[in-house]
Every structure is written in structure tokens, then in C-alpha cells.
Amino acid sequence: MPRTNFETLLEAGCHFGHLKRKWNPAMAPYIFMEKNGIHILDLHKTVVKVDEAAEALKNIAKSGRKILFVATKKQAKTVVAEKATSINMPYVIERWPGGMLTNFATIRKAVKKMANIDKLTADGTFANLSKREALQVSRQRAKLEKYLGSVADLTRLPAALFVVDVLKEQIAVREANRLGIPVFGIVDTNSNPDNIDFVIPANDDASKSVEVILDVCIAAINEGLEERKAERIDTDAAQEKGEKPVKQSARVEDDDVANEEAPEEE
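Since the model is a prediction, treat every value here as computed from it, not as a measurement. (Residues numbered from 1 in each chain as written. Predicted model: local features only at pLDDT ≥ 70, side-chain atom pairs only at ≥ 80, totals over all residues. Heavy atoms only, no water.)

Caption draft 1: How the structure looks around the nonpolar core. Ranked by size, the top nonpolar core spans 41 residues in total, and within it F69, V80, F162 and I213 carry the most contacts. The contact partners of F162, leaving out residues within four places of it in the chain, are L57, I67, L68, F69, V70, F184, I186, I200, I213, L214 and C217. L68, L161, V173 and V183 belong to the second largest nonpolar core, which has 30 residues in total. (Core = buried A, V, L, I, M, F, W, Y, C linked by side-chain atoms within 4.5 Å. Buried < 20%, exposed > 50% of the residue type's maximum accessible area, 1.4 Å probe, protein only. Contact = heavy atoms within 4.5 Å.)

Caption draft 2: Structural detail: the sheet that holds strand β4 (residues 67-70). Strand order in the open sheet formed by five strands is β5-β4-β6-β7-β8, and the pairing between neighbours is parallel. Whereas interior strands pair on both sides, the edge strands pair on one side only; in this sheet they are β5 (91-92) and β8 (198-201). (Pairing = 2+ DSSP bridges. Helix = DSSP H or I, 4+ residues; strand = E, 2+ residues; numbered from the N terminus.)

Caption draft 3: Examining unusual backbone geometry more closely. For N36, which is not glycine, the phi torsion reads 55 degrees and is therefore positive. Following the sequence through the fold, N36 ends up in the loop between β2 (31-35) and β3 (38-41). Even without being a glycine, N88 presents a positive backbone phi close to 60 degrees. Within the fold, N88 resides in the loop between α3 (74-86) and β5. By relative accessible area, which is 52% here, N88 ends up exposed.

Shown next as C-alpha cells:
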């Protein structure tokens with residue numbers, strides 16, 4: 001059974017692309033027609049692609065790995081932050097920190113700095129600083145929180161990226177491609193889908209369009225998390241009874257090994 005349908009996507013305006021003169025020819029397979037100089041996306045293909053992406057996201061979540069959501073455009077920031085937070089997944093909605101993936105150890109070092117400032121505040125050391133020093137530290141903490149607070153719990157490279165507007169977030173996409181991290185992306189008619197692993201052809205400018213697609217993907221991820229939780233309960237119950245626990249699939253074990261925490265610089 002499809003996770004979404006043509007009517008829902010149509011009502012949300014997912015079919016509206018960009019002006020014809022702004023199109024990327026690589027998006028031709030997903031374009032249904034041109035109307036008043038604007039490309040119209042084929043929502044029948046979007047339904048299929050949304051379902052494919054949702055199922056893959058569910059499997060990633062079920063394996064216990066993280067999906068990093070990226071959306072720095074104004075129309076998508078709030079909804080992405082809200083949806084990602086609801087399933088406890090990391091997200092970036094401010095400027096993409098260069099090297100977020102390719103120089104992950106340095107990013108983790110910056111997150112540790114934020115934790116150290118909190119520690120100074122908790123043990124009373126912060127109170128002994130001069131007003132000027134305290135102000136500088138507070139500003140540094142606020143800046144780190146703004147850009148890295150939402151990824152503070154990301155202790156290893158994410159298993160996948162979910163990107164809204166792959167053209168705007170091309171640096172993030174490039175980093176993921178370089179490391180072989182799968183990219184799920186809402187791709188509009190002005191973008192290149194060739195370097196996106198799971199293309200979701202849709203309007204990436206309208207907040208309603210983004211929200212409808214995110215709702216489906218978030219629901220799928222939540223299913224994966226719930227199934228993982230149920231499997232753990234069954235395994236714990238089996239162990240308590242002295243039964244041999246059910247072994248997880250080799251694919252999950254391999255993925256866990258492949259996504260071991262990156263070494264951090266001291």
C-alpha cells in the first residue's frame with residue numbers, strides 16, 4: 001500500500017517546478033509538461049519515489065543508525081527542525097559547517113568545547129571569570145549552540161543525509177558523495193538529480209510541499225525505530241528465559257561496523 005497518493009501531493013503543490021529557462025535537463029524524466037512557462041512534475045513518479053525513499057529510511061532507522069536532515073532555506077528550516085526533533089534525529093538548519101562530514105573529528109572537537117563550557121558553568125568556574133571573559137565565553141557558547149547544538153548527539157558519521165533543495169545544499173551533498181553516504185533529496189526541476197541516491201522529484205520551495213513529503217518519511221523512520229524497539233524487547237525476554245536470542249541480519253551487523261565512530265582528535 002502506497003504511503004502517499006497523487007491527490008495529497010497535488011493539494012500540497014508538490015507538482016510545481018521552476019521556470020522552463022531555469023530547468024536542469026537531467027530532470028526531464030520527472031517532468032510531465034510545461035504550463036505558462038513553468039515545468040510541472042509528474043506526481044505519479046513522485047509517489048513511487050517517495051515510497052522508495054521512505055522504505056529505505058525505515059530500514060536505516062531500524063538498524064539503529066542516524067539520518068542527518070539538512071535544510072538551510074527559510075521555507076523549510078522550521079518544519080525540518082520540528083520533524084527531525086520528533087524522532088530524535090540530528091539536523092542542520094543554519095549555515096552548513098564546511099567539513100561537517102569530511103572533517104568530522106574537528107566538528108566533534110567543537111561540540112566537546114561546548115560541553116566543556118557547560119561543565120565550567122556547572123562547577124562554578126564560570127562565576128570566577130571577569131565580566132569580559134564571561135561575555136566572550138557566553139557568545140562562543142551561543143554560536144556553537146546555533147550551528148552545532150542540533151548535532152551534539154551525532155557521535156559518528158550519519159548513515160544517510162536527507163536534503164531539502166539539493167542545489168542550495170550542494171556542499172553537503174558533495175561531502176556525502178565523497179564519503180559514500182547515501183543522499184535522499186527533494187529535487188526540483190532546476191537541480192541535478194545525478195548525484196542523489198534517492199531522488200524525490202518535487203517542489204522544494206513551498207513549505208507545504210516539503211512538509212507533506214517529510215511527514216511520510218518521518219512516519220517511515222518512526223516505524224523503523226518502533227520495530228527495532230520491539231525486537232530488543234523480544235530479545236531481552238528471550239535472554240531472561242534462557243533462550244538463544246534471535247540474531248540480527250548480517251546486513252545490519254555489517255552496516256554497524258561500517259559506521260563505527262570516527263576517531264576524534266585530542
